[in-house]
Amino acid sequence: MEAKKRMNQIDAALLQKMLIGGAKRLEAHKEYINELNVFPVPDGDTGTNMTMTALAAVKEVANTPEVTIKEVTRGLSSGSLRGARGNSGVILSQLFRGFYKGVKNEEVLTTETVALGFKNAVDTAYKAVMKPKEGTILTVAKVTAEKAVRCARTTDDFEKFAEIVMKEANAILKQTPEMLPVLKEAGVVDSGGQGLVEFLSGTVDVLRGKEVDLSAVPKASKQPAVSEQPVSEEDIKFGYCTEFIVMTKKELTQKEEQEFKAFLTGIGDSIVVVADEEIVKVHVHTNHPGKAIEKGLSYGELTNMKIDNMREEHRERLGLDTKEDSSVNEEQAEEPRKGYGFVAVSIGDGMNEIFRSLGVDYLIEGGQTMNPSTEDMLNAIEKVHADTVFVLPNNKNIILAATQAQSLIEDKKVVIIPTTTVPQGLSAIIGFEPEQDAETNEENMKDIIEFVKTGEVTYAVRNTSVNGMEIKIDDIMGIDDEGIKKVGASVPDVTLELLDQMVDEDSELICIYYGQDTTKEQAEALLEQAEEAYPDCDVQLEYGGQPIYYFLLSVE
């Protein structure tokens, strides 16, 4: 019987299939990963976020112009960078980015170069997280990479290497509850770590012979809706959304990159320039797309060129005949930007209306049940015609994606106010003072959110134990900024008990936002009880329209 041939290298074509296999396996297990969420709330989304990040990455992997190690891993990096959603997705994108940087100069991959790529991936991801926490996806990645480095010294056989490394990955995943007590109490492993193990398992499946159809790359799920204030055609100062990629003969120097950005700033706005060794991604809104293209040609060959007439698209959205009003002056003079603008993440028609009434220029509807991606953030920021754009993520799982978008914007100042809840976002924008400069407002708004206590009332989706409390499916839960505090059978009772936990002698204002599953009559009955219980506080009731949460509360 003929012995099985040893596999001691991976070429670009196989790597391409392996990465797609990883994303497909992650997608197949996303609901299981979602269920590993420590808190039994009905919006656990780690699996969804990681899957959508991976699908954005492999879409570029599958459509790379050249099937080389460099181009395949570059697609993995750049696709995940813009498609990253939630903390888990951003960390995954940084792992991909680090792997790309570690292996991009290889013609084929060996166990040694893969191990070094893993190590570089971990180093990059740890640097991207402000306060790395052990017992998470980062720990799973780190221990797996360390094992890979040791294993590569003893074998060049990829199947043996993969078996040993995956055994270590699964072992460290099982140990995560011992590192984080909250995981142990809930009886689950870390969801982000599980997602990483699923992705790696999918790549190994292909390595061992599982077939992957390159033409059937899974499509990403529905994108969060981006909602803007009504805009007139006259507000579109630069009519052409121009995008292209420059394939440079050599890496741009820092001076050349700055000159390119300065040139684009002179002919338009909404500028994003991402330079990465021999490729430069360009996005600009301009009235002179030809000038942008000519400038790009001075640095190298162009590919993926796309020019959209935004005025024409606007007329189509309004249902107007695009042949009419063809005399629109494409060369109309640019009006000056306003000083400040706002982008906020929101969910629920009532909350959206409140944010609009407070002057938010662009709303990204997503929040907890559908975290917006880095690209969603970029698109929203680009639409705001202001020198300084304040971003209110309103969810702790969105701050990293917002920060990643901030690093890609070149033509305006972007300020991230680290709001972790919608009530914090509302308080922050109410505290904005237009006569103050950006730095003063940033400091003031950050101070304001420190004094906003937030509460949420929802239902449990599974049986678990959290903070010493036994929770059964369909129990009503009261959650504050520190975690689950109250559990019961009655929405009004749990809400009032949670409020009692939040209100103290210094409290002055209580805001109650009722959701889409709560009637106005139920909300008004709760208002009466709260007013009676806290006569020294101003108690306000607003319709939020948020799904999943019966009530959102804020106490200041």
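Since we're looking at a predicted model, the values are computed, not measured.

Remarks on the packing of helix H3 (residues 46–62) against helix H4 (residues 69–83)
In a packed pair of helices, the relevant descriptors are the angle between the two axes and the axis-to-axis distance.
Next, step 1: Between H3 and H4, the least distance of the axes is 7 Å, while the angle of their chain directions is 140°. The orientation of H3 with respect to H4, classified from their angle, is oblique. For the pair H3 and H4, the sense of crossing is right-handed. In contact with Met 52, Thr 53, Ala 56, Ala 57, Glu 60 and Val 61 of H3, H4 contributes Val 72, Gly 75, Leu 76, Ser 78, Gly 79, Ser 80 and Gly 83.
Next, step 2: By residue class, the composition of the contact of H3 with H4 is 6 nonpolar, 6 polar and 1 charged.

Side note on the pattern of salt bridges
Next, step 1: Within this structure, the stated rule accounts for 17 salt bridges.
Next, step 2: With a shortest N-O distance of 3.2 Å, Asp 376 and Arg 85 are connected by a salt bridge. With Asp 376 in helix H15 (residues 374–383) and Arg 85 in the loop between H4 and helix H5 (86–103), this residue pair connects regions lying 291 residues apart in the sequence. As far as burial versus exposure is concerned, Asp 376 and Arg 85 are alike and both buried.
Next, step 3: The shortest N-O distance in the salt bridge between Lys 413 and Glu 439 comes to 2.6 Å. Note that Lys 413 is positioned in strand E9 (residues 413–416) and Glu 439 in helix H18 (residues 438–449), a separation of 26 residues in sequence.
Next, step 4: It is possible to trace a salt-bridge network through shared partners that takes in Arg 25, Glu 198 and Asp 205.

Re the packing of aromatic side chains
Next, step 1: Applying the stated criterion across every chain yields a total of 11 aromatic pairs.
Next, step 2: Ring geometry for Tyr 459 versus Tyr 550: centroids 6.3 Å apart, planes at 55°, classification tilted. Of the two residues, Tyr 459 sits in strand E10 (residues 453–459) while Tyr 550 sits in the loop between strand E16 (538–543) and strand E17 (551–555), which places them 91 residues apart along the sequence.
Next, step 3: Tyr 459 sits in the partly exposed class, given a relative accessible area of 28%.
Next, step 4: Counting every residue linked through ring pairs, the aromatic cluster contains Tyr 340, Phe 342, Phe 390 and Phe 432.
Next, step 5: When the ring centre of Phe 263 is taken as reference, the NZ or CZ atom of Lys 295 above it lies at 5.3 Å.

Each value, and the rule that gives it
- Residues numbered from 1 in each chain as written.
- Predicted model: local features only at pLDDT ≥ 70, side-chain atom pairs only at ≥ 80, totals over all residues.
- Heavy atoms only, no water.
- Axes fitted to C-alpha atoms, helices over the stretch in contact; angles between N-to-C directions.
- Helix = DSSP H or I, 4+ residues; strand = E, 2+ residues; numbered from the N terminus.
- Parallel < 35°, antiparallel > 145°, perpendicular 65-115°, else oblique.
- Left-handed = near helix turned anticlockwise from the far one by under 90°.
- Contact = heavy atoms within 4.5 Å.
- Nonpolar A, V, L, I, M, F, W, Y, C, P; charged D, E, K, R; others polar.
- Salt bridge = Lys/Arg side-chain N within 4 Å of Asp/Glu carboxyl O.
- Buried < 20%, exposed > 50% of the residue type's maximum accessible area, 1.4 Å probe, protein only.
- Phe/Tyr/Trp six-rings, centres within 6.5 Å; stacked < 30°, edge-to-face > 60°.
- Lys NZ or Arg CZ within 6 Å of the ring centre and 35° of its normal.

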